[in-house]
Amino acid sequence: QVQLVESGGGSVQAGGSLRLSCVASGSTYRPSCMAWWRQAPGKEREGGAAIYSNYGATYTGDFVKGRFTISQDNAKNTVYLQMYSLKPEDTAMYYCAAKGHGGSWQVPSNFAYWGKGTQVTVSS
C-alpha cells in the first residue's frame, strides 16, 4: 500500500510563498499519478495539479495556473507544490493524492490514496 505524508503548510501573509511536499512510501511501485487538491471549510474539494510520474507530464487546475507549480523528485519519492503570490482565498487544507493508471485526475474517486492534509492559512 502507498502512504502519503504532506508537509510544508503554515501561516503566511498575502503575497508570500510556501512549498508543500508530499512523500510517498510503503510500496515498491510508484503511482502513475500524484496530485494536489485543496478544500476550504464549506467548499468543494478542488483539483489543483497532477503529475504523471513515469514521464513527468503535468496538468493543472484553475487555482494553480499562473501562481503554483507542481514538480517531483523521483529520487526522494516526493512531489512538491510551489506556491507564490498567496492570497487569503488560498486558505484551505491541501491534500496529496495518488492513483494508478487510467481515469481522470480531476475526479476524486479515481484516487485510491490520500494524505491527511496540510493546512495553509493566508492572512491579509
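Here we summarise the structure given alongside this text.

Parameters and conventions
- Within each chain, residue numbers correspond to sequence positions counted from 1 in written order.
- Local features in this predicted model are restricted to residues of pLDDT 70 or higher, and side-chain atom pairs are both shown and tallied only at a pLDDT of 80 or more, whereas totals for entire chains, interfaces and linings draw on every residue.
- As a rule here, side-chain values come from all non-hydrogen atoms in the structure, and water together with hydrogens is ignored.
- Cysteine sulfur atoms are paired as a disulfide whenever they come within 2.5 Å of each other.
- Secondary structure elements follow DSSP: runs of H or I of four or more residues count as helices, runs of E of two or more count as strands, with numbering from the N terminus.
- In this scheme, a residue with accessible area under 20% of its type's maximum is buried, one over 50% is exposed, and one in between is partly exposed, where area comes from a 1.4 Å probe on protein chains only.
- Counting of polar contacts relies on pairs of N or O atoms within 3.5 Å, with two restrictions inside protein: one atom must be capable of donating a hydrogen and the other of accepting it, and residues adjacent in sequence are counted only when both atoms are side-chain atoms.
- Should any heavy atoms of two residues lie within 4.5 Å, those residues are counted as being in contact.

### Considerations on the state of the cysteines
Reasoning step 1: Considering all chains together, one arrives at one disulfide under this definition.
Reasoning step 2: Between the sulfur atoms of Cys 22 and its disulfide partner Cys 96 the distance amounts to 2.0 Å. Sign of the S-S torsion, about -80 degrees for the bond between Cys 22 and Cys 96, identifies this disulfide as left-handed. One end of the pair, Cys 22, is in strand S3 (residues 18-25); the other, Cys 96, is in strand S9 (residues 92-99), and 74 residues separate them in sequence.

### Focus on the side chain of Arg 38
Reasoning step 1: Looking at the element boundaries, Arg 38 is found in strand S4 (residues 33-39).
Reasoning step 2: Residue classification places Arg 38 among the buried residues on the basis of a relative accessible area of 8%.
Reasoning step 3: A distance of 2.9 Å separates a polar atom in the side chain of Arg 38 from a polar atom in the side chain of Asp 90.
Reasoning step 4: A polar atom in the side chain of Arg 38 sits 3.0 Å from the side chain of Tyr 94.
Reasoning step 5: Those residues in contact with Arg 38 that lie beyond four places of it in its chain are Glu 44, Arg 45, Glu 46, Phe 63, Phe 68, Glu 89, Asp 90, Ala 92, Met 93 and Tyr 94.

### Observations regarding the side chain of Asp 90
Reasoning step 1: Summarising the element assignment, Asp 90 is placed in the loop between strand S8 (78-83) and S9.
Reasoning step 2: Within polar-contact distance, the side chain of Asp 90 engages the side chain of Arg 67 at 2.8 Å.

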